[in-house]
Amino acid sequence: AQRVTQPEKLLSVFKGAPVELKCNYSYSGSPELFWYVQYSRQRLQLLLRHISRESIKGFTADLNKGETSFHLKKPFAQEEDSAMYYCALTGANAGKSTFGDGTTLTVKP
Amino acid sequence: GAGVSQSPRYKVAKRGQDVALRCDPISGHVSLFWYQQALGQGPEFLTYFQNEAQLDKSGLPSDRFFAERPEGSVSTLKIQRTQQEDSAVYLCASSPSGTWNIQYFGAGTRLSVL
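Caption draft 1: View of the state of the cysteines. Applying the stated criterion across every chain, the model contains two disulfides over all chains. There is a disulfide in this structure between C23 of chain A and C87 of chain A, and the S-S distance comes to 2.0 Å. Measuring the twist about the S-S bond at about -65°, one finds the C23 of chain A-C87 of chain A disulfide to be left-handed. Of this pair, C23 of chain A sits in the loop between β3 (19-21) and β4 (24-26) while C87 of chain A sits in strand β9 (residues 83-90); the two residues are 64 residues apart in sequence, bridging distant segments of the chain. No difference in accessibility class separates C23 of chain A from C87 of chain A, as the two residues are buried. Between C23 of chain B and C92 of chain B runs a disulfide, and the two sulfur atoms are separated by 1.8 Å.

Caption draft 2: Seen up close, the layout of surface pockets. In this structure, the largest pocket encloses a volume near 590 Å³. Looking at the lining of the largest pocket, the elements that each hand over two or more residues are β9 of chain A together with β9 (88-95) and β11 (109-113) of chain B. No other element matches the four residues that β11 of chain B contributes to the lining of the largest pocket. Its boundaries defined by the atoms lining it, the second largest pocket holds a volume of some 360 Å³.

Definitions and limits used
Residues numbered from 1 in each chain as written. Chains lettered and ligands numbered in written order. Predicted model: local features only at pLDDT ≥ 70, side-chain atom pairs only at ≥ 80, totals over all residues. Heavy atoms only, no water. Disulfide = S-S within 2.5 Å. Helix = DSSP H or I, 4+ residues; strand = E, 2+ residues; numbered from the N terminus. Buried < 20%, exposed > 50% of the residue type's maximum accessible area, 1.4 Å probe, protein only. 1 Å grid on protein atoms, 1.4 Å probe; cavity = no way out; pocket = protein on both sides within 12 Å on 5 of 7 lines; lining within 4 Å. Points joined across faces, edges and corners; volume = space filled by probe spheres on them.

The structure is reproduced here in structure tokens:
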């Protein structure tokens, strides 16, 4: 079975501070991991995926297979980063994605 | 089209009514997904199509839920004899062939069952 856990429902940081949103997964195989973001009154959209190994809007995420984690990091948070963030996993059955319950990030001025 | 379109945006149903939710994927997208999102939770997989073939319906919670995509484009999620626990946001996503698993989401349909 595939499972995604985001241990923090809410995360609040000040502008300019580093931020890390945690994601742990359970999957017996080689998963593909994603971070999706939902800004206020907008639809869910892809932020980044581990296979691309790229930085989007200053965010990075490294897949740690030993710790089964895919934490999302940004060194200097901005107010516009305030949003709901979801970690998601797709396994060998490429169609089915499993999402975590999300973390609401608030970046205070 | 510009993006995945879902209709209606809001639906209020009396318990026991049947409802039909529509999803128009991005033109040319091969894969189509349905998710159910309860308040305070993440999207939960319901079913998945590749063109007109329903390849996975393991997430459909009961036989009251039925999805189809007869011509490989527009999809309809039908819920028969709605129950209060069916109240949720229903999300549709589509994915182009060759872009492995990047899903583009619609705005969702919020279903309230009274």
